[in-house]
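Overview (structure and organization)
Each chain is listed here by its residues.
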Amino acid sequence: MSTSSHVQDVETADFQTAVIERSKDVPVVVDFWAAWCGPCRTLGPALEAAVTARNGDIVLAKVDVDRNQQLAAQFGIRGIPAVKAFKDGKLVDQFTGALPPQQIEAFLDRIAPTAADRLATQAAARLPNDPAGAAATFEEALELDGRHLGAALGLAELVLDDDPQRALDLVSPHRPEVSAEAIAAKAQLAFADSLDLDVLRTAAGADPTDAAAQLELGRALAATGEYRAAIDHLLRAVRLGGATRDAARDQLVQLFTILGDTDPLVKTGRRELANALF
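Throughout, residues of each chain are indexed from 1 in the direction in which the sequence is written. Two thresholds apply to this predicted model, a pLDDT of at least 70 for residue-level local features and 80 or more for giving and counting side-chain atom pairs, whereas whole-chain, interface and lining totals are computed over all residues. Based on all heavy atoms of the structure, the side-chain values leave hydrogens and waters out of the count.

1. Section: the overall build of the protein chain
Filter applied, for reference: Counting from the N terminus, the helices are DSSP H or I runs at least four residues long and the strands are E runs at least two residues long. Every radius of gyration here is taken over C-alpha atoms, with the globule rule written as 2.2 Å times N^0.38, N being the number of residues. Buried means the residue's accessible area, taken with a 1.4 Å probe over protein chains only, is under 20% of the maximum for its type, while exposed means over 50%, and partly exposed covers the values in between. Residues count as neighbours in contact if any of their non-hydrogen atoms are within 4.5 Å of one another. Areas reported as accessible are Shrake-Rupley estimates using a 1.4 Å probe. Residue values count occlusion only from the protein chains shown. When charges are counted, neither His nor the chain ends are considered; positive counts come from Lys and Arg and negative counts from Asp and Glu. Each charge is placed at NZ for Lys, CZ for Arg, CG for Asp and CD for Glu.
In terms of helices and strands, the protein chain carries 14 helices and five strands. Expected size for 278 residues packed as a compact globule is a radius of gyration near 19 Å; at 24 Å, the protein chain overshoots this value by more than 25%. Dimensions of the protein chain, computed from C-alpha atoms along their principal axes, come out at roughly 80 × 45 × 30 Å. Taking all 278 residues of the protein chain together, the buried fraction comes to 44%. Of the contacts formed within the protein chain by residues at least 6 apart in sequence, a portion of 59% connects residues at least 24 apart. Per element, the accessible surface of the protein chain, about 14000 Å² overall, is 51% carbon and sulfur. For the protein chain, the distance from the average site of its 27 positive side-chain charges to the average site of its 40 negative ones is 6 Å.

Printed below as a string of structure tokens:
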């Protein structure tokens with residue numbers, strides 16, 4: 001069993017949490033190994049020592065392929081030792097076979113946190129008590145790396161209410177990443193928040209067959225948090241068809257992204273949208 005605080009044994013049941021989710025905070029290297037594998041006995045200790053020396057900048061997850069055959073098959077393991085690196089929930093680098101120490105260090109260097117990573121982490125830690133300071137630190141991170149995902153998402157969340165266009169600009173390079181799509185959807189809805197709901201309700205009620213009026217009312221209702229009513233009007237616009245059908249469908253999908261798949265409105269709304277489309 002692994003004993004370092006930066007090295008842990010991982011099973012199939014906790015892989016999602018220990019590797020995929022954790023890699024959103026710190027790079028995770030996964031060593032697929034087996035007790036009978038000679039090269040594994042060479043690589044394993046060297047990899048553990050190299051990761052431990054980095055003092056938490058990278059963590060190591062060790063997966064025994066004999067005990068976790070389904071997980072090994074999922075990742076297409078054909079030979080061991082097989083090493084895969086995850087960052088921000090995604091596989092970013094890998095190698096197979098035992099490497100000498102200098103090549104191990106070069107591999108770890110490629111995935112180690114950058115200066116922008118460190119600033120984004122500092123900014124996230126400041127968020128609860130010092131949002132202005134967090135925003136400034138996210139800005140610093142983006143000056144170093146204009147496409148830094150964490151900094152872009154963090155700053156976009158902070159400026160969303162006051163400057164939805166800036167929020168949209170920040171996340172656009174990262175779409176269709178799920179978190180970026182959620183912020184983009186909120187930003188686009190925020191543009192509708194300044195519309196006069198009474199005027200829109202009058203227009204939509206005066207002519208229930210006016211798909212454009214149903215779409216505009218649906219957008220405005222979503223912006224103000226009246227989600228069930230928003231879904232109803234957007235669905236009506238989809239059913240009416242015509243030039244606004246696709247826009248209404250896209251607005252519904254954006255709203256579902258904001259609410260999340262576990263929201264009962266989303267479960268019902270997706271089914272209703274499918275019926276309206278097909």
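2. Some thoughts on the layout of surface pockets
Empty space among the atoms can be located by rolling a probe the size of a water molecule over them. Condition: Cavities and pockets are defined on a 1 Å grid built over the protein atoms alone: a cavity is a set of grid points where a 1.4 Å probe fits but cannot escape, while a pocket is an open set with protein on both sides within 12 Å along at least five of seven lines, and lining residues are those with an atom within 4 Å of any such point. Grid points are joined across faces, edges and corners, and a volume is the space filled by probe spheres set on the points. Under the scheme applied here, ten amino acids are nonpolar (Ala, Val, Leu, Ile, Met, Phe, Trp, Tyr, Cys and Pro), four are charged (Asp, Glu, Lys and Arg), and all others, including Gly, are polar.
Of the voids in this model, the largest pocket is the one considered here, and its volume is about 810 Å³. Taken together, 32 residues form the lining of the largest pocket, with Lys-24, Asp-25, Asp-88, His-148 and Gly-150 sitting closest to its centre. Sorting the residues of the lining of the largest pocket by element identifies helix H1 (15-21), helix H5 (115-126), helix H7 (149-159) and helix H9 (178-190) as the ones contributing at least two each. Its residues placed into classes, the lining of the largest pocket shows 12 nonpolar, nine polar and 11 charged. Put simply, the second largest pocket is a space of about 200 Å³. Along the wall of the second largest pocket there are 12 residues; nearest its centre are Asp-161, Lys-186, Leu-189, Ala-190 and Ala-223. Of all the secondary-structure elements, those providing two or more residues to the lining of the second largest pocket are H9 and helix H11 (211-223). By residue number, the principal contributor to the lining of the second largest pocket is H9, which donates three residues. Tallied by class, the residues present in the lining of the second largest pocket amount to eight nonpolar, one polar and three charged.

3. Comments concerning the nonpolar core
Soluble globular proteins tend to bury their nonpolar side chains together. Put simply, the test is: Working definition of a nonpolar core: buried Ala, Val, Leu, Ile, Met, Phe, Trp, Tyr and Cys residues. They are joined through side-chain atoms within 4.5 Å.
Counting residues in each nonpolar core, the largest one holds 25 residues, and the members touching the most others are Phe-138, Leu-155 and Val-171. Secondary-structure elements contributing two or more residues to this core are H5, helix H6 (131-144), H7, helix H8 (164-171) and H9. The element contributing the most residues to this core is H7, with seven residues. With residues up to four places along the chain from it excluded, the contact list for Phe-138 reads Ala-120, Ala-123, Ala-124, Leu-127, Gly-150, Ala-151, Gly-154, Leu-155 and Leu-158. By size, the runner-up hydrophobic cluster in this structure holds 24 residues, among which are Leu-197, Ala-248, Phe-256 and Val-266.

4. With respect to the state of the cysteines
To be explicit about the condition: The definition used for a disulfide is geometric: two cysteine sulfur atoms within 2.5 Å.
Within the structure shown, the criterion is met by one disulfide. The side chain of Cys-37 participates in a disulfide bridge whose partner is Cys-40; the two sulfur atoms lie 2.4 Å from each other. One disulfide, between Cys-37 and Cys-40, carries an S-S torsion of 80 degrees and so falls in the right-handed class. Cys-40 gets classed as buried once you look at its relative accessible area, which sits at 6%.

5. Things to note about the sheet that holds strand E3 (residues 59-64)
Rules: If DSSP finds at least two bridges between two strands, the strands pair. Where helices are involved, their axes are fitted lines through C-alpha atoms of the stretch in contact, as for all axes, and angles between N-to-C directions lie from 0 to 180°.
With mixed pairing, the five strands of this open sheet are ordered in space as E1-E3-E2-E4-E5. Strands at the two margins of the open sheet, each flanked by one partner only, are strand E1 (7-9) and strand E5 (90-96). Between one strand axis and the next, the sheet turns by 20 degrees as a mean value, whatever way the strands run. Here three bridges tie E1 to E3, and the two strands are oriented parallel to one another. Note on E3: the bridge partner recorded for Val-7 is Leu-60. Sheet contacts for helix H4 (residues 101-111): strand E2 (28-33), strand E4 (82-87) and E5; angle to E5, the most-contacted strand, approximately 175 degrees.

6. Thoughts on H7
Counting buried residues in H7 gives eight out of 11 residues, a clear majority hidden from the surface. The complete set of buried residues in H7 reads Leu-149, Ala-151, Ala-152, Leu-153, Gly-154, Leu-155, Ala-156 and Val-159. Structurally, H7 contributes buried residues whose contacts are with H5, H6, H8 and H9.

Just distances and angles here, no functional claims.
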